[in-house]
Amino acid sequence: MRWIGLIFASLLAGCVTTTEGSAPQQPSPQQRAAGTASSTPTDAQVARFRQVIARVEPVAERFCRNQRKNANCDFNIVIDRRPNQPANAFQTLDENGRPILAFNLAILADMRNSDEIAFVLSHEAAHHIAGHIPRQQQNATAGAIILGGLATLAGAGSGAVDTAANLGASVGARTYSKDFELEADALGTVIARRSGYNPVRGAEFFNRIPDPGDRFLGSHPPNAERIQTVRRVNAGL
């Protein structure tokens, strides 16, 4: 079912973006659209990113090893240097299953302080720690099997069965995507805080991007709900 993987890759495009655009051409990325950004970071901004990595990465890897005993917890944190890309940060896996956390140039230029970088980086790490990619793959496969099977039982032709299965995969992959984002916000709050950053200040990033609202089968929850989650979790730490 190669088409399920293709659908899944198109749905998992970056978690934090600030502009309309197509999904990055990376394995299984996770993306959403939201504002406009086309800047290039300064050398000082890139250096700040490196400093945040040095503090957040070991904390995130400890969390990963504690919560996912058999998972690859060796994060590869990279800068996507392709020019003219929509501002985006995302988590994906390489062909060997190593987790990749990527920030592109535009989102680095848009980050106003170290707390924002730390929160977004922790959020992306949390997606891997929570196993969201395999969980979403399972949901997509289940949706494809259910709708494809119903179409087959109804006597549909092969083309209609494929269409139904594609729709099922799309619906299945999106079913819990908002919950996944809130889970990553919550765990990301803990990681950022234990790395020495202020996740509430970091989550102010959400105030600068358009609100996705509460759309049926939308991929991301409302910004206010995300900020509330960060504040609630942070207050309990």
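Fair warning: this is a prediction, and the values are worked out from it, not measured in the lab. (Residues numbered from 1 in each chain as written. Predicted model: local features only at pLDDT ≥ 70, side-chain atom pairs only at ≥ 80, totals over all residues. Heavy atoms only, no water.)

S.K.: Help me understand the overall build of the protein chain in this model?
M.R.: Along its length, the protein chain carries nine helices and four strands. Mapped from its N terminus to its C terminus, the protein chain presents α and β elements in the order α-β-α-β-β-β-α-α-α-α-α-α-α. By residue count, 53% of the 237 residues in the protein chain fall in the buried class. If you take every contact in the protein chain between residues at least 6 apart in sequence, the share linking residues at least 24 apart comes to 70%. Carbon together with sulfur atoms contributes 50% to the accessible area of the protein chain, which is approximately 10,800 Å² in total. (Helix = DSSP H or I, 4+ residues; strand = E, 2+ residues; numbered from the N terminus. Buried < 20%, exposed > 50% of the residue type's maximum accessible area, 1.4 Å probe, protein only. Contact = heavy atoms within 4.5 Å. Areas by Shrake-Rupley, 256 points an atom, 1.4 Å probe, with all protein chains shown as cover.)

S.K.: What am I meant to see in the state of the cysteines here?
M.R.: In a disulfide, the sulfur atoms of two cysteines are covalently bonded to one another. Enumeration over the complete set of coordinates arrives at one disulfide. In this model, cysteine 64 is linked to cysteine 73 through a disulfide, with the two sulfur atoms separated by 2.1 Å. Its S-S torsion of approximately -75° makes the covalent link between cysteine 64 and cysteine 73 left-handed. Its relative accessible area of 0% is what places cysteine 64 among the buried residues. Of the residues examined, cysteine 73 reaches a relative accessible area of 8% and is grouped as buried. (Disulfide = S-S within 2.5 Å.)

S.K.: Looking at this structure, how should I read helix H9 (residues 223–235)?
M.R.: In an α-helix, one turn spans 3.6 residues, which is why side chains three or four residues apart end up on the same side. For H9, spanning 13 residues, the distance from its first C-alpha to its last is 18 Å, which sits close to the expected 18 Å at 1.5 Å a residue. Taken together, the buried positions of H9 are Asn223, Arg226, Ile227, Thr229, Val230, Val233 and Asn234. For H9, the angular spread of the buried residues around the axis is 155°, confining them to a single face. Turned more than 90 degrees off the buried face of H9, the exposed positions are Ala224, Gln228, Arg231, Arg232 and Ala235. At its buried positions, H9 is contacted by helix H4 (114–129), helix H7 (177–194) and helix H8 (199–202). (Expected span 1.5 Å × (residues − 1). Arc of directions from axis to C-beta.)

S.K.: Mind showing me how you'd approach the pairing of strand S4 (residues 99–104) here?
M.R.: Consecutive side chains along a regular strand alternate between the two faces of the sheet. Of all the six residues making up S4, six are buried; the element is thus mostly covered by neighbouring parts of the structure. Direction of pairing for strand S3 (residues 88–93) relative to S4: antiparallel, over a ladder of five bridges. What sits directly across from threonine 92, in S4, is isoleucine 100. What sits between the antiparallel neighbours S3 and S4 is a turn of five residues, in which glycine 97 has the positive phi angle 85°. (Pairing = 2+ DSSP bridges.)

S.K.: Which parts of the structure should I look at to understand the nonpolar core?
M.R.: In a soluble, globular protein the nonpolar side chains are often hidden away together inside. Membership of the largest hydrophobic core comes to 43 residues, with the highest contact counts inside it found for Phe49, Phe75, Phe103, Leu121 and Ile191. If you list the elements that add at least two residues to this core, you get helix H2 (43–67), strand S2 (76–80), S4, helix H3 (105–110), H4, H7 and H9. Counting residues per element, this core draws most heavily on H2, which supplies nine residues. In contact with phenylalanine 75, not counting residues within four places along its chain, are Glu57, Ala60, Glu61, Cys64, Arg98, Pro99, Leu101, Ala125, His128 and Ile129. (Core = buried A, V, L, I, M, F, W, Y, C linked by side-chain atoms within 4.5 Å.)

S.K.: Just checking my understanding: could you explain unusual backbone geometry for this structure?
M.R.: Glycine aside, residues mostly have negative phi angles, and peptide bonds mostly take the trans form. Positive phi, close to 60°, is recorded for asparagine 84, a residue that is not glycine. Looking at where asparagine 84 falls in the secondary structure, it is placed in the loop between S2 and S3.

S.K.: When you look at the pattern of salt bridges in this model, what are you seeing that I'm missing?
M.R.: Opposite charge on two side chains allows them to pair when their charged atoms are near. Across all of its chains, the model carries seven salt bridges by this definition. The salt bridge involving arginine 208 is made with glutamate 116; its shortest N-O contact spans 2.7 Å. Note that arginine 208 is positioned in the loop between H8 and H9 and glutamate 116 in helix H4, a separation of 92 residues in sequence. For arginine 226, the salt bridge is made with glutamate 181, and the minimal N-O distance between the two is 3.3 Å. A residue pair is termed long-range when its members are at least 10 positions apart, and arginine 226 in helix H9 and glutamate 181 in helix H7 qualify at 45 residues. Like arginine 226, the residue glutamate 181 is buried in the burial classification. Linked through salt bridges whose partners overlap, the residues forming this network are Asp110, Glu116 and Arg208. (Salt bridge = Lys/Arg side-chain N within 4 Å of Asp/Glu carboxyl O.)

S.K.: I keep staring at the packing of aromatic side chains and nothing clicks. Help me out?
M.R.: For any two aromatic rings, the description comes down to two numbers: the centre-to-centre distance and the angle of the planes. As enumerated under the stated definition, the model contains three aromatic pairs in all. With centroids separated by 5.9 Å and ring planes inclined at 85°, the aromatic side chains of phenylalanine 119 and phenylalanine 206 adopt a geometry described as edge-to-face. Here the residue phenylalanine 119 occupies a position in helix H4, and phenylalanine 206 occupies one in the loop between H8 and H9, the gap between them amounting to 87 residues. Given a relative accessible area of 2%, phenylalanine 119 falls into the buried group. Assessed through its relative accessible area of 3%, phenylalanine 206 is described here as buried. Each member of the aromatic cluster is reached from another via a ring pair, and the members are Phe119, Phe205 and Phe206. In this structure, arginine 55 is placed above the aromatic ring of tyrosine 197, and the distance from its NZ or CZ to the ring centre is 4.1 Å. (Phe/Tyr/Trp six-rings, centres within 6.5 Å; stacked < 30°, edge-to-face > 60°. Lys NZ or Arg CZ within 6 Å of the ring centre and 35° of its normal.)

As far as function goes, none of this settles anything; it's purely spatial.
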